[in-house]
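Chain by chain, the residues run as shown.
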Amino acid sequence: MVMLMALSDRLDMVNPSEIRKLFDLAQGIEGLISLGIGEPDFDTPEHIKEYAKEALDKGLTHYSPNVGILELREAVAEKFKRDNGIEADPKTQIMITVGTNQQILMGLATFLKDNEEVLIPSPMFVSYAPAVVLAGGKPVEVPTYEENEFRLTVEELEKHVTPKTRALIINTPNNPTGAVLAKKDLEEIANFAVEHDLMILSDEVYEYFVYDGVKNYSIASLDGMFERTITMNGFSKTFAMTGWRLGFLTAPEWVVEKMVRFQMYNSTCPVTFIQYAAAKALKDERSWKAVEEMRGEYERRRNLVWRRLNEMGLPTVKPKGAFYIFPRIKDTGLTSKEFSELMIKEAKVVLVPGSAFGEAGEGYVRISYATAYKKLEEAMDRMEKVLKEKKLV
C-alpha cells in the first residue's frame, strides 16, 4: 500500500533558511555591514517606476489573466528570441509569475511523482531542495568543486543518477558560487538529460551579470531541449525589482498549462500594473543601459573583493557571473557557521555560511558584493583585521 504524504507533513520536513537564522543573530548589532543578502543595492530605474504609475493612472488595478497579460508575454518572447535563441509562442509557451521563486515548486509539480529524485548541483540556491520536498520528490545533491570553478560536470551527474531520477536543476550564473556554465558544459548536460530522459529546470535570473567577456547560454536553445526544459527567469535582479515580485518563464505548452492551473488556485495572477511596467521596460533602451551600468559596477566590486580575499589569505575563485563570491575558509580551522558567527561578532560583517547551500558548501562562505564599493572596502578591512588578530591565516 502506497502511503500518501500530506502537504502539512512535507512542510515539517523543510526548515527555515540558514540565512534567516544568521540575520536574526545580527539583529541589534550597531554598525553592521551586511554582505549576506542577495539583493541589488540599486534602486529600480526611474522610468520603470513611471510606467507603474502610468498603469495605475490608466486603471490597471484589476485581475489579469492567470497566465499574465499578453503584452508582457509578447515582450518576453522577443527577449527570449533576441538574447537566448529560444523561439517560444507567447500565447501558449510563456507565463508570468509572482517572482521566480514560485516557479521552482510550480514547475516540479507539473511532472514529479512521489519519491522521484531531482539532481541539484551543490552548493545550491536555498529554495531548490525544499521545493523538491514540497513537490513530493527527493533532492539529490551533486557536488561541484573549486578546482573546476564550481561548474557542474556530467562525470559527477553520472555518479548520482538512478532509475528514480526524474529531473535536474541547473543555475547559471550560479548562486552562491558565481559559476557560469560554458556552452560545451551545457551541451554535455543536454546529452545526459536526453540519455536519462530527464526534465530540466534552468534558473537564469542572473543572466545579464557576467564578466570577463563571458557569455551566458540557455540550455533550452540547444537542439531538442526546449521540449524538456523550464527556463526560469525574472525581473528582480535584471532591473533591480526584487520587491516588485515579477517573474517569467518559457516551457512546453503542457507544462505552462499545468503551471497556470497551479497559479490560478494559488496567487491568481501577478500584479497587473507591475506587468504593464515590465512590458514597457523590456522595450525601453534606458532599461538595458541601466543593466549595463549595474553590470559594470558589479564587475568593479567583484575585482576588489576577489583581490582582497586572496591577499588576506582566503583562496577564492574569481566568479564569472552573478554578484556573489565564494571564498574558501576551511584552512582557518573553523566551520563555515563558526566563521560567519565570528565575523558578525568581531568584525561586524554579515556573511552566509557555505553550509546553508548544501553539503558541498561547507568550508566556504558566501559574500554578496551587491553593496556599495566603500562599504565593501571597509568590510574587507574589518575581516582582515580579525583574521590577523585571531591568527587564522
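Before any of the text, the structure's been laid out above.
Residues numbered from 1 in each chain as written. Predicted model: local features only at pLDDT ≥ 70, side-chain atom pairs only at ≥ 80, totals over all residues. Heavy atoms only, no water.

**Q** If you had to explain the environment of leucine 72 to someone new, which residues and values would you point to?
**A** Turning to its location among the elements, leucine 72 is positioned in helix H4 (residues 70–84). Residue classification places leucine 72 among the buried residues on the basis of a relative accessible area of 0%. Note: C-alpha distance between leucine 72 and serine 355 (283 residues apart in sequence) is 38 Å. (Helix = DSSP H or I, 4+ residues; strand = E, 2+ residues; numbered from the N terminus. Buried < 20%, exposed > 50% of the residue type's maximum accessible area, 1.4 Å probe, protein only.)

**Q** Any details on the packing of helix H3 (residues 46–57) against helix H10 (residues 272–282)? Residues and values, ideally.
**A** For the pair H3 and H10, interaxial distance at closest approach is 8 Å and the crossing angle is 135°. In terms of their interaxial angle, H3 and H10 are classed as oblique. H3 and H10 meet at a crossing whose hand is right-handed. Touching Ile48, Tyr51, Ala52, Glu54, Ala55 and Leu56 of H3 are Phe273, Tyr276, Ala277, Lys280 and Ala281, all from H10. Partitioned by chemical class, the residues of the contact of H3 with H10 number nine nonpolar, no polar and two charged. (Axes fitted to C-alpha atoms, helices over the stretch in contact; angles between N-to-C directions. Parallel < 35°, antiparallel > 145°, perpendicular 65-115°, else oblique. Left-handed = near helix turned anticlockwise from the far one by under 90°. Contact = heavy atoms within 4.5 Å. Nonpolar A, V, L, I, M, F, W, Y, C, P; charged D, E, K, R; others polar.)

**Q** Can you lay out the packing of aromatic side chains for me, pointing to particular residues and giving the numbers?
**A** One pass over the structure, following the stated rule, counts 17 aromatic pairs. When the ring of phenylalanine 125 is compared with that of tyrosine 128, the centres are 5.4 Å apart and the planes differ by 80°; the resulting orientation is edge-to-face. Given the relative accessible area of 2%, tyrosine 128 is considered buried. Seen from their ring centres, tyrosine 206 and phenylalanine 323 are 5.3 Å apart, and the 90° between their planes marks the pair as edge-to-face. (Phe/Tyr/Trp six-rings, centres within 6.5 Å; stacked < 30°, edge-to-face > 60°.)

**Q** Would you mind going over the sheet that holds strand E7 (residues 229–234) in detail, with residue names and values included?
**A** Pairing within the open sheet is mixed, and its seven strands lie in the order E2-E8-E7-E6-E5-E3-E4. The sheet terminates laterally at strand E2 (94–97) and strand E4 (138–143), the two strands that pair on one side only. Neighbour-to-neighbour, the strand axes of the sheet open up by a mean angle of 20°, direction not taken into account. (Pairing = 2+ DSSP bridges.)

**Q** Before we move on, could you go through the sheet that holds strand E11 (residues 352–353) and cite the residues and values that matter?
**A** Within the open sheet, the three strands sit side by side as E9-E12-E11. Their pairing is antiparallel. Of all the strands in the sheet, the pair left with one neighbour each is strand E9 (324–325) and E11. Both E11 and strand E12 (residues 365–368) contribute to a ladder of two bridges, which runs antiparallel. When the bridges of E12 are listed, valine 352 appears paired with arginine 366.

**Q** Got a sec to walk through the pattern of salt bridges? Specific residues and values, please.
**A** Pairing of side chains with opposite charge becomes possible as their charged atoms draw close. Applying the stated criterion across every chain, the model contains 31 salt bridges. When the shortest N-O distance is used, the salt bridge between arginine 301 and aspartate 41 registers 2.9 Å. Of this pair, arginine 301 sits in helix H11 (residues 285–311) while aspartate 41 sits in the loop between strand E1 (33–34) and H3, and the two are 260 residues apart along the sequence. Across the pair arginine 328 and glutamate 146 runs a salt bridge whose closest N-O atoms are separated by 2.9 Å. You can see arginine 328 sitting in the loop between E9 and helix H12 (336–347) and its partner glutamate 146 sitting in the loop between E4 and helix H7 (154–160), a full 182 residues away along the chain. Relative accessible area serves as the criterion here: at 13%, glutamate 146 is assigned to the buried category. Through salt bridges that share partners, Asp212, Glu292, Arg295, Glu299 and Arg302 make up one connected network. (Salt bridge = Lys/Arg side-chain N within 4 Å of Asp/Glu carboxyl O.)

**Q** How would you summarise unusual backbone geometry if you had to cite specific residues and measurements?
**A** Omega for the bond connecting serine 122 with proline 123 falls within 30 degrees of zero, at 5°, which places this linkage in the cis form. Here proline 123 shows up in the loop between strand E3 (117–122) and helix H6 (128–134). Here lysine 348, not a glycine, exhibits a phi torsion of approximately 55°, which is positive. Judged by relative accessible area, lysine 348 falls into the partly exposed class, the value being 34%. Positive phi outside glycine occurs at lysine 391, with the angle close to 55°. Here lysine 391 is to be found in the segment after helix H13 (373–389).

**Q** So, the pairing of E3: which residues are in play, and what are the values?
**A** With six of six residues buried, E3 lies mostly within the body of the structure. The pairing of E3 with E4 spans six bridges and is parallel. Residue glutamate 117 lies in a different strand from E4, and its bridge partner there is lysine 138. In terms of handedness, the path from E3 via H6 over to E4 forms a crossover that is right-handed. The pairing of E3 with strand E5 (residues 165–171) spans three bridges and is parallel. (Right-handed = clockwise from strand over helix to strand, strands pointing away.)

**Q** Just give me the short version of H13, but keep the residues and values in it.
**A** Spanning 17 residues, H13 covers 25 Å between terminal C-alpha atoms, matching the ideal 24 Å at 1.5 Å per step. Of all the residues in H13, the buried ones are Leu376, Ala379, Met380, Met383, Glu384, Val386 and Leu387. Down the axis, H13 shows its buried residues gathered within 165° of arc, on one side only. Away from its buried face by more than 90 degrees, H13 exposes Lys374, Lys385, Lys388 and Glu389. (Expected span 1.5 Å × (residues − 1). Arc of directions from axis to C-beta.)

**Q** So what's going on with the pairing of strand E6 (residues 199–203)? Which residues, and what values?
**A** Extensive coverage of E6 is indicated by the burial of five of its five residues. Going residue by residue along E6, you find Met199, Leu201 and Asp203 tucked away on one face and Ile200 and Ser202 tucked away on the opposite face as well. Two strands pair when backbone bridges link them, and E5 and E6 are joined in this way by five bridges, in the parallel orientation. By the bridge assignment for E6, asparagine 171 is matched with aspartate 203. Read as a crossover between parallel neighbours, the route from E5 over helix H8 (residues 183–195) to E6 is right-handed. Two elements, E6 and E7, share four bridges in a ladder whose sense is parallel. In the sheet register, leucine 201 faces E7, and the bridge partner there is isoleucine 230.

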